[in-house]
Amino acid sequence: MLGTTQTIESDLAVVGGGLAGVCAAIAAARRGHRVALVQNRPVLGGNSSSEVRVWVCGATAHGVHQWARETGIMGELWVENQYRNREGNPYYWDMVVLEKVKAEPNIELFLNTEVTEVDTADGRITGVRGWQSGSERRLEFTAQLYADCTGDGIVGALAGASWRTGREAQEVYDESWAPDVPDDNTLGSTILFYTKDLGKPSPFVPPPWAVKISETAIPTTRTIKQTMSGCDFWWIELGGDRDVVADNEEIRDDLQAVCYGIFDHIKNSGEFEADNLTLEWIGSVPGKREYRRFEGEITLTQHDILEQTEFEDRVAHGGWSIDLHPPGGVYASERGSRHWHPPGNYHIPLRALFSPQVSNLWFAGRALSASHVAFGSVRVMATCALTGEAAGLGAALSLELGVPGGVLAAERLPELQAALAYADASVLGLENRDPADLARQATASASSTMTALDNSPQDWTPVDLADDLAIVIPVDPSIDGIEVAVRATQATTLRAELWNTDKPQNYLPHELVAEAEVTVDPSGSDDSIGSDHVTVPTWVQLPLAWAPEAARNTMLILKANPDITLHEGRHRQPGTVALRHRHMPADEQWTEQFRPWKPVLVDTGLAMRVSSTTQAYAPDKAVGGYARPYGGPQTWVSAPLTQDQQPWLELAWQGPQEIDEVVAIFDDDIEVDLINLHHHTNEELVMPTLVTSAVIEVADGDGWRTVAETETNRARKWTVRLDAPVTTDRLRLRCRATGGTDRARVVALRAY
């Protein structure tokens, strides 16, 4: 009935249904808590949804960082979307996100619900009220805890939480990219449009309010092509010098006028071959980048991003550059953005995700506690999703332990870290120390193990050495000689260096640990293959040795030599990646931000062989330890499937254990940069490194009994909750097929 109020009770009320809110709700719901998820739009996903259609960017920074792709709930979305939506259909992405929420029985979803009032008492939120437009209902949400994932921070602002907006002065946090004088400028909002080739002429008559682009500087300051569509036009931005909330309606109209004007320019200026082009879609909801930023117990700054501060209470990671835009947006004379990449992925602490003033308020996504400069990095949606999962887990642990966020961060870190590890959350350097995981008490063994790092090629595709070329190699426990396949046009010298990296998540040279020079003859050997004669490159031994105190990565750098040709390998080996050195352009404006090393040979790697055996892929890597590359691949890898057709990984205990849950985490190759929409595509629907068919067996008398199996797995995490507990002293995961790679790879095997 019109005007009636319905009260919804839950343990946690999450307001905001973007990726941060979605992940917060799912994280808490999976721990058994009742969650109300409140979204003011008809679809979930926020700026990534079909209403706005922004690419979901994250820690990979479009391939800048290695092994950086998010795991946890965001990782589940990445991998499922790759299977269901390789072409980047915005409506399919909506479906993937909605399906993930609807799969959780503990979540009650409220779409089209705008929060308008917040009730408080004694420094706590006691209720949140709103209006659901389609049903004409007043809704009141009462919960023990609340999470503001709205992006604009409306719940926290109404509750009295401290927040700020605009740009802090440089002196506040000693940030070199902050202005000398503070101001109210923010990152602006964007509206995008899609075009489509109809295959026949299609006229376009612009509305009278369309901006006449030729009368502006836009054609000279921004790149416009008839092939561009959607987020290619990310630079259509306005509102940075206004109030993006108070002026939202005006900003929307101005942005649409620019969109129509740009399309008119493409269609009717005569500068483009666009006769067959039509306007397929234009956004009606501005995608906001920045507004309120809450003040938590800690504020992330430029230094935390670039210096990768190792917070003890780290709960998520980021890696996008500090990406700041001019307040003038599309009309600014300067570039649409400037970027400063950190040397690797950085950490986000729990203390940036709850309010010191409002004791039952958590926040995540765009409203987390950060300076404007640091916000330039943490604002991207995959990173927002990670903070959402962390806030949802933090809220769940607060409920379970009966402590507020501050106590959780300061005194209950072991419980928090165990929950993060169990969830496969995306945290750097998070070691699984969960006392409930029985696998940590077991001895791990396997039917076979990869012990040789050998990327001998199938053919001899050349790779020039015009610039320095590097390859990251795991060293465990030591390295004693490396061979590379080379050709030389004349007698010459190949110079090689071994470098360490400064942090386990970084893949850049830090300190020189060994170097060598070898003479290379001008030709390879002549091998006969049938009636053909081919020149096979020479395998050159590089006398490089290093034995670090603990397992870690090294970077082999082969110094530039135009007389030498290297070769592609058969396929990139686990834990390795090749990078090429780039020289800084003479006209580079932001020299401090230039990143000289760029990944190459992403599928094949470099033809090379490590002379010594390695323990980097041993069975014990899948027990305890890390669930993502960190100073090494942190993965058990079997022998080739041609040698071991159904490799197994076994846990053995000294006495019987009662087990009712088994978790296997497979390698979904987080080196591969996935995305939700059309920035780029990856051909494989199922990640080739995944185990797609597997069996869990337990020792039963003199044999083995199957307790679970999967034939069509396409996910990183396989959780098996047994119908009844089993008692056994041995458990096996037997891998029957992969998504395409020639070895089985298992990141973790756990038992509870």
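Here's what I pulled together on the structure shown here. Because the structure is predicted, anything quoted here is derived from the model rather than measured.

Procedures and definitions
- Residues numbered from 1 in each chain as written.
- Predicted model: local features only at pLDDT ≥ 70, side-chain atom pairs only at ≥ 80, totals over all residues.
- Heavy atoms only, no water.
- Patch = residues over 30% accessible without salt bridge, like charges linked within 9 Å, V, L, I, M, F, W, Y side chains within 5 Å.
- Areas by Shrake-Rupley, 256 points an atom, 1.4 Å probe, with all protein chains shown as cover.
- Salt bridge = Lys/Arg side-chain N within 4 Å of Asp/Glu carboxyl O.
- Helix = DSSP H or I, 4+ residues; strand = E, 2+ residues; numbered from the N terminus.
- Buried < 20%, exposed > 50% of the residue type's maximum accessible area, 1.4 Å probe, protein only.
- Pairing = 2+ DSSP bridges.
- Phe/Tyr/Trp six-rings, centres within 6.5 Å; stacked < 30°, edge-to-face > 60°.
- Lys NZ or Arg CZ within 6 Å of the ring centre and 35° of its normal.
- Axes fitted to C-alpha atoms, helices over the stretch in contact; angles between N-to-C directions.

1. A word on a nonpolar patch on the surface
So, point 1. Together, Tyr-91, Tyr-92 and Met-95 give the surface a local cluster of nonpolar side chains, amounting to about 320 Å² of exposed area.
So, point 2. Note that Met-95 resides in helix H3 (residues 90-102).

2. Focus on unusual backbone geometry
So, point 1. The peptide bond linking Asp-476 to Pro-477 adopts the cis configuration, its omega dihedral lying at 0°.
So, point 2. Structurally, Pro-477 can be placed in the loop between strand E21 (469-475) and strand E22 (479-488).
So, point 3. Phi at Asp-122 is positive, roughly 55°, even though this residue is not glycine.
So, point 4. On the secondary structure map, Asp-122 appears in the loop between strand E4 (113-121) and strand E5 (124-132).
So, point 5. Residue classification places Asp-122 among the exposed positions, given a relative accessible area of 81%.

3. Some remarks on the sheet that holds strand E8 (residues 189-190)
So, point 1. Reading across the sheet, the three strands line up as E10-E8-E12 and stay open at both edges, with antiparallel pairing between neighbours. Strands at the two margins of the open sheet, each flanked by one partner only, are strand E10 (237-238) and strand E12 (287-288).
So, point 2. Summarising the sheet, E8 and E10 pair through two bridges and their orientation is antiparallel. Looking at E10, one finds that Thr-190 is bridged to Glu-237.

4. Topic: the pairing of strand E17 (residues 346-349)
The two faces of a sheet get side chains in turn, since along a regular strand they alternate between them.
So, point 1. Burial along E17 is two-sided: the face carrying Tyr-346 and Ile-348 and the face carrying His-347 and Pro-349 are both buried.
So, point 2. Summarising the sheet, strand E14 (residues 314-318) and E17 pair through four bridges and their orientation is antiparallel. Each bridged residue has a counterpart across the sheet, and for Arg-314 the counterpart in E17 is Pro-349.

5. Notes on the pattern of salt bridges
So, point 1. With the rule as written, the count across this model stands at 47 salt bridges.
So, point 2. In this structure, the salt-bridge partner of Glu-168 is Arg-293, at a minimum N-O distance of 2.7 Å. Here Glu-168 is found in the loop between strand E7 (163-164) and helix H5 (170-173), whereas its partner Arg-293 is found in strand E13 (residues 293-294), with 125 residues between them in sequence.
So, point 3. Judged by relative accessible area, which is 0%, Arg-293 ranks as buried.
So, point 4. Bridged by salt links that share partners, the residues Arg-164, Glu-168, Glu-290, Arg-293 and Glu-295 form one connected network.

6. Some details on the packing of aromatic side chains
So, point 1. In this structure the tally under the stated criterion is 13 aromatic pairs.
So, point 2. Pairing Tyr-194 with Trp-281 gives two aromatic rings, centres 5.4 Å apart and planes at 80°, and the pair type is edge-to-face. Remark: Trp-281 occurs in strand E11 (residues 277-282) and Tyr-194 occurs in strand E9 (residues 193-197); sequence separation between them is 87 residues. Across this residue pair, the class does not change: Tyr-194 and Trp-281 are buried.
So, point 3. Taken together, the aromatic side chains of Phe-193, Phe-204, Phe-233, Trp-235 and Phe-263 make up a single cluster linked through ring pairs.
So, point 4. Taking NZ or CZ as reference, Arg-609 lies 3.7 Å from the ring centre of Trp-539, over its face.
So, point 5. The residue whose ring lies beneath Lys-717 is Tyr-422, and the NZ or CZ to ring-centre distance is 4.7 Å.

7. Digging into the sheet that holds strand E28 (residues 552-558)
So, point 1. What the six strands build is an open sheet, ordered E24-E23-E28-E21-E30-E31; its pairing is antiparallel. Strands at the two margins of the open sheet, each flanked by one partner only, are strand E24 (511-520) and strand E31 (597-600). Averaged over neighbouring strand pairs, the angle between their axes works out to 30° when direction is ignored.
So, point 2. Examined bridge by bridge, strand E30 (residues 577-581) and E31 share four bridges and lie antiparallel to one another. In the strand pairing of E31, Arg-580 is matched with Lys-598.

Treat this as a map of the structure, not an account of what it does.
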